[in-house]
Each structure stands twice: as structure tokens, then as C-alpha cells.
Amino acid sequence: MIKIAPVRKQVTVAASQERAFALFTNEMSRWWPATHSTLKSPLKQYVVEPRVGGRWYAIAEDGSRGDTGYVIEWQPPARLVLAWQLSGEWQFDPELVTEVDVRFVAESAGVTRVELEHRNLERMGDKAAQVRGMVDAPGGWTAILESFKECAAA
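Now for a quick tour of the structure. (Residues numbered from 1 in each chain as written. Predicted model: local features only at pLDDT ≥ 70, side-chain atom pairs only at ≥ 80, totals over all residues. Heavy atoms only, no water.)

### Concerning the overall build of the protein
Then step 1. Each helix and strand in the protein was counted, giving four helices and seven strands.
Then step 2. Reading the protein from its N end, one meets helices and strands in the order β-α-α-β-β-β-β-β-β-α-α.
Then step 3. Relative to the compact-globule value of 15 Å for 154 residues, the protein shows a C-alpha radius of gyration of 15 Å, a close match.
Then step 4. Here the C-alpha coordinates of the protein stretch approximately 45 × 40 × 30 Å along the principal axes.
Then step 5. A total of 154 residues make up the protein; the buried ones form 47% of that total. (Helix = DSSP H or I, 4+ residues; strand = E, 2+ residues; numbered from the N terminus. Rg over C-alpha atoms; globule rule 2.2 N^0.38 Å. Buried < 20%, exposed > 50% of the residue type's maximum accessible area, 1.4 Å probe, protein only.)

### Brief notes about the environment of D62
Then step 1. Tracing the sequence through the fold places D62 in the loop between β3 (55–60) and β4 (65–75).
Then step 2. A relative accessible area of 53% means that D62 is categorised as exposed.

### What to know about the sheet that holds strand β7 (residues 111–119)
Then step 1. Taking strand neighbours across the sheet as the criterion, the seven strands line up as β1-β7-β6-β5-β4-β3-β2 in an open arrangement whose pairing is antiparallel. A strand with exactly one partner marks an edge of an open sheet, and here the two such strands are β1 (7–13) and β2 (43–48). Within this sheet the neighbouring strands show an average axis-to-axis angle of 20°, counted without direction.
Then step 2. Here β2 runs beside β3; their pairing, made up of five bridges, is antiparallel. Counterpart to Q45 in the pairing with β3 is I59. (Pairing = 2+ DSSP bridges. Axes fitted to C-alpha atoms, helices over the stretch in contact; angles between N-to-C directions.)

### Examining the pairing of β7
The side chains of a regular strand alternate, residue by residue, between the two faces of the sheet.
Then step 1. Direction of pairing for β1 relative to β7: antiparallel, over a ladder of seven bridges. Considered in β7, the bridge of V11 is made with V114.
Then step 2. With nine bridges connecting them, strand β6 (residues 98–108) and β7 associate as antiparallel partners. Bridge pairing in β7 links V102 to L116.

### Observations concerning the packing of helix α1 (residues 17–26) against helix α4 (residues 138–153)
Packed helix pairs are specified by the crossing angle of their axes together with the interaxial distance, meaning the distance between the axes.
Then step 1. Direction vectors running N to C along α1 and α4 enclose 120°, while the axes themselves pass 11 Å from each other. It follows that α1 is oblique to α4 by the angle criterion. Every pair of crossing elements has a handedness; the one defined by α1 and α4 is right-handed. Residues A20, L23 and F24 of α1 pack against L145, F148, C151 and A152 of α4.
Then step 2. Here the contact of α1 with α4 is built from residues that sort into seven nonpolar, no polar and no charged. (Parallel < 35°, antiparallel > 145°, perpendicular 65-115°, else oblique. Left-handed = near helix turned anticlockwise from the far one by under 90°. Contact = heavy atoms within 4.5 Å. Nonpolar A, V, L, I, M, F, W, Y, C, P; charged D, E, K, R; others polar.)

### Regarding the nonpolar core
Then step 1. Counting 42 residues, the largest nonpolar core has F24, W31, W32 and W141 as its most contacted members.
Then step 2. For this core, the element with the most residues is α4, which contributes six residues.
Then step 3. Apart from the residues lying within four places of it in its own chain, the contact partners of W31 are L23, F24, I144, S147, F148 and C151. (Core = buried A, V, L, I, M, F, W, Y, C linked by side-chain atoms within 4.5 Å.)

The structure is reproduced here in C-alpha cells:
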């Protein structure tokens, strides 16, 4: 298996470490771009259940649900590791696990650096390089973290 380099992004937000972690996990619906959803109906809510093994999923306005993955590590307010179980076709695949490791580093009282690493993309097989290109593109994790930064500043 060919190893695919992880995607690494970081952003500095105007929020304490505790607030940044809470906003990222408990209030994902406020900042996650509605365009970044696998749902057929418009996105209503994103949920990250606050515990190891907790589910990570989206709820549509019509009540349908779309799974994204689950919580691998839950270390508030410093670190969160999520299983990303979306295939190269952007469909939930319970057999696939890539990891999104998010670290919240306090820079000062009201400033936190958020470091994100999406790794193990080679597990996607033939689509790995294509998916890496998409999540590394300006509309991928960069746009998602910019939306998070704007929400933290509001």
C-alpha cells in the first residue's frame, strides 16, 4: 500500500482553548459549511457525541441522518480525534476509517491555535490521492477551518 501524506492545516482563533474546543465539538452546526454534507435534504444540524465511541453525524431538515464517523479520542479541551468514514464517493463506509486529529493549543488567554491533521487517507484505495487533493484544496479543510475561525470571532 502506498502511503499518502496527511493533510495538515492550522488556524488561529479568537477564543480560549476551552471555548474553541466546545465550539468545535458542541456547536459544529454553527460553523460547518452546509455545502459540505452528504445529505439529500439541506443540513440542519451536525452532532459529535461527547465521548470516545460517540457518533459523528449530520441531521437534515427532513429528519434524515447521515453518518460521518465516530469519536476515537476525546480529551477536552486539548484534543479530539474523529474517525472519518466517508469514501471517495462521499458515502458512509463503516469498513473505512481515516482519522481527523484536531489539537487545540492555547496561545494566550483568548487565542487558540487549532491544528488539524487528516491522515491514513491511503485506506481509501484507488481514490486516496483524489480525495487528498479535494480535502487539501481551498474548498476543503481550509474553508472549513476559516468558517470555524469566523464563528469563533463572532
